[in-house]
Amino acid sequence: MSNSIVSINQLSKTFHTNKDQVQALRNINLDIQEGEFITVIGPSGCGKSTLLKIIAGLDLDYQGEFLLEGKNVKGPGIDKGYIFQEPRLFPWLNVERNIAADLNIRDPKVREKVDELINLVKLTGFEKSYPRELSGGMAQRVAIARALLRNPKVLLLDEPFGALDAFTRAHMQEVLLDIWKKNKTTMIFVTHDIDEAVFLGNRIVILKPRPGSIQDIVPVVLPIPRKKTSESFQEIRLQVVNEFEKIEALQSAF
Amino acid sequence: MSEQVKTQVNSLEIGRNRTKFRWKFTKGNDFVIGAAIPIIILAIWQIVGQLNIVSPIFLPTPTAILQTFGDLIASNELGVHLGVSIRRALIGFLVGGSLGLLFGLLTGFSYKAQYVLDPTVQLLRMMPGLALAPLIILWFGFGEVSKIVIIAEGAFYPLYLNTFMGIRNVDNKLIEVSKVLEFNRAKTIFNLILPSALPNILLGLRLSLAISWLGLVVAELLGSTAGIGFLINLGKQNSVTEYIFVGIIIFAVFGKLVDSFVRILERKLLSWRDSYQG
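Criteria and thresholds
- Residues numbered from 1 in each chain as written.
- Chains lettered and ligands numbered in written order.
- Predicted model: local features only at pLDDT ≥ 70, side-chain atom pairs only at ≥ 80, totals over all residues.
- Heavy atoms only, no water.
- UniProt positions renumbered as here; feature names shortened; annotations may be inferred.
- Pairing = 2+ DSSP bridges.
- Helix = DSSP H or I, 4+ residues; strand = E, 2+ residues; numbered from the N terminus.
- Contact = heavy atoms within 4.5 Å.
- Axes fitted to C-alpha atoms, helices over the stretch in contact; angles between N-to-C directions.
- Domains from an automatic or database assignment.
- Buried area = accessible area lost by both parts, 1.4 Å probe.
- Salt bridge = Lys/Arg side-chain N within 4 Å of Asp/Glu carboxyl O.
- Polar contact = N/O pair within 3.5 Å; in protein donor to acceptor, adjacent residues only side chain to side chain.
- Nonpolar A, V, L, I, M, F, W, Y, C, P; charged D, E, K, R; others polar.
- Left-handed = near helix turned anticlockwise from the far one by under 90°.
- Core = buried A, V, L, I, M, F, W, Y, C linked by side-chain atoms within 4.5 Å.
- Buried < 20%, exposed > 50% of the residue type's maximum accessible area, 1.4 Å probe, protein only.

As recorded in an unreviewed UniProt entry, chain B goes by ABC transporter permease and comes from Robertmurraya kyonggiensis. Under the Subcellular location (unreviewed entry) heading, UniProt states for chain B: "Cell membrane". According to UniProt, the comment filed for chain B under the heading Sequence similarities (unreviewed entry) is "Belongs to the binding-protein-dependent transport system permease family."

Per an unreviewed UniProt entry, chain A carries the name ABC transporter ATP-binding protein and comes from Robertmurraya kyonggiensis.

Okay, here's the thing in structure tokens:
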């Protein structure tokens, strides 16, 4: 497809340990269009983080084809923004300098964009705060702003809200949707929370483990903002839960 | 808060005040608290001396030491000796410390340099400075050079070891971030590795300064014609015990001052740290 930003064909990945080898991913086929919000969900050990690391260019040892805007990825870079489970901020830099990171905050162009992003991730007033003074949610928003400053073609998020409490998590989901609506950045969001996957995604990629492969892709055609209590939301949620039950039945058969 | 809870809290507070004397650590009186033990010791010492329980040759009274101290300052002798000692320690520290930092950076950044240099450094480190001193004197004579070499030798290791460790302790998770953010080599070194290693480097600096000051004692006691160590030797040879005490006190006070300076530096530079403050 011409306008797909990420295209994955017959992708497999095997981990080699001392004696044996474990297949982490098998025959993954996935096309992601520009501006899509993809959520990837699956039980632990299904290879969802492995898939994200491959897209990020952090893992180059795989079989099959993976193209970003039609080109091979040779390593990590700013065009593939990556949000880790933990914020991973530089503890010796304040919020605005963390966002700028290797760029000079005194450069008026950088300054302007940093201010814009601080506003976007709702951190106004905390520009000069240090990471130790921030809550988990705030720190993760700094990490998101740091990635967005570099205008990534795709933003990869690896269970970014996993360590947050339920309230902060819900708030962060709203913030992320807000960013997505304003910036139209393509998002690939890995999670193990079904509600989160349904709430955020255009399409939900459900992975099953041993070896990691796609069980199903569920489209979510619900208007945004979504209400988690609405009937249509619950319908899709149920669909995902059903797929999970199928996976479980399959696993326990072994 | 409801009335009932309020009164309960009040009665609790009163109870606590009655039964327990509570220390209050505020800026003004933490000095008083810290000085309590030395003051008590000094008082006992003075009384013991005044009652002639111990000979003043063995243990001169604090007031006698203070008297000598004043005389030495008045005749400017102390100033001269202190100047000579500080100069020696500083030069020795600068030579040894900067070499330690340099080699620490080298072995920290390059594992090849580590394999080539580190075993030798570790071997040399295990040689006690006091045992090396006669050899250094044999090679460099009794002049200034041998003293500075003795001090530099000691100052080298703490900065070397801590710089190396600081670089090798950089969080791999942050290194991964630097790759995702496409830091170039220079940015990785100056914006990530060095700031991250700074707590260790400053610790090395502190230890190196302390060792320089201690190495100074060794160097000067082995033979010198000026300096605080010379003053102590003079006291020993002429049975002027006060001189020994004045020398020891000077070493202690200056050592503490230098250490406090580095700690202030640490607090300024490392205010971002999120660690247990007691």
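Picking up where we left off.
What follows concerns the sheet that holds strand β4 (residues 63–68) of chain A. Residues and elements named next belong to chain A. Taking strand neighbours across the sheet as the criterion, the four strands line up as β2-β1-β4-β5 in an open arrangement whose pairing is antiparallel. On the outer flanks of this sheet lie β2 (21–33) and β5 (71–72), each paired with one strand and no other. In this structure, β4 lies alongside β5, joined through two bridges in antiparallel fashion. Pairing of Leu67 across the sheet is with Asn72, part of β5. On top of the sheet, helix α1 (residues 48–56) reaches β1 (4–16), β2 and β4; it is set at about 120 degrees to β1, its chief contact.

Residues and elements named next belong to chain A. When the domains of chain A are assigned, the result is domain 1 (4–79 + 154–252) and domain 2 (86–151). The C-alpha-based centres of domain 1 and domain 2 are spaced at 26 Å. Taken together, the contacts link 15 residues of domain 1 with 11 residues of domain 2. Surface buried jointly by domain 1 and domain 2 totals about 1,100 Å² across both partners, of which 76% is contributed by carbon and sulfur atoms. The largest share of the area that domain 1 buries against domain 2 comes from Ile78, Met172 and Ile179, three residues that together contribute 35% of it. Across the domain 1-domain 2 interface, the total number found is one salt bridge. The closest approach of N and O atoms between Lys122 and Asp178, which form a salt bridge, is 3.3 Å. At the boundary of domain 1 and domain 2, one finds two residue pairs in polar contact (both at pLDDT 80 or more). Top contributing element to the side of domain 1 that touches domain 2 by residue count: helix α5 (residues 166–183), with nine residues. Taken together, the residues of the side of domain 1 that touches domain 2 break down into nine nonpolar, four polar and two charged.

This paragraph deals with the UniProt feature "transmembrane region" (unreviewed entry) in chain B. Per the UniProt record, "transmembrane region" (unreviewed entry) is found at residues 28–48, 89–111, 123–142, 148–167, 188–205, 211–232 and 244–265 of chain B. Its end C-alpha atoms 32 Å apart, residues 89–111 of chain B is made of 96% helix and 0% strand.

Time to look at the UniProt feature "domain: ABC transporter" (unreviewed entry) in chain A. Following the UniProt record, the feature "domain: ABC transporter" (unreviewed entry) maps to residues 6–234 of chain A here. Here residues 6–234 of chain A is 31% helix and 28% strand, with 29 Å between the C-alpha atoms at its ends.

Right, let's talk about the UniProt feature "domain: ABC transmembrane type-1" (unreviewed entry) in chain B for a bit. UniProt records the feature "domain: ABC transmembrane type-1" (unreviewed entry) at residues 82–262 of chain B, using the numbering of this structure. As a span, residues 82–262 of chain B carries 87% helix and 0% strand, and end to end its C-alpha atoms are 20 Å apart.

Residue and element names in this part refer to chain B. The interhelical angle for the contact between helix α5 (residues 111–125) and helix α7 (residues 144–168), taken along N-to-C directions, is 145 degrees, at an axis separation of 12 Å. Between α5 and α7 the crossing geometry is left-handed. Contacts between α5 and α7 involve Tyr111, Gln114, Asp118, Val121, Gln122, Leu124 and Arg125 on the former and, on the latter, Glu153, Phe156, Tyr157, Tyr160, Leu161, Phe164 and Arg168.

To continue, consider the sheet that holds strand β7 (residues 154–158) of chain A. All names here are of chain A. Within the open sheet, the six strands sit side by side as β6-β7-β8-β3-β9-β10. Their pairing is mixed. What marks the edges here is a single partner per strand, and that holds for β6 (80–83) and β10 (213–219). With direction set aside, neighbouring strand axes in the sheet form an average angle of 20 degrees. Note: β7 against strand β8 (residues 186–191), five bridges, orientation parallel. Note on β8: the bridge partner recorded for Leu157 is Phe189. Running over the sheet, helix α7 (residues 231–252) touches β3 (37–41), β9 (203–208) and β10 and is turned about 15 degrees from β9.

With 52 residues, the main nonpolar core has Leu176(A) and Ile204(A) as its most contacted residues. Residue contributions to this core peak at eight residues, all from helix α4 (residues 136–148) of chain A. In contact with Leu176(A), not counting residues within four places along its chain, are Phe37(A), Ile144(A), Leu157(A), Phe161(A), Met187(A), Phe189(A) and Leu200(A). Leu30(A), Ile32(A), Leu207(A) and Ile201(B) belong to the second largest nonpolar core, which has 48 residues in total.

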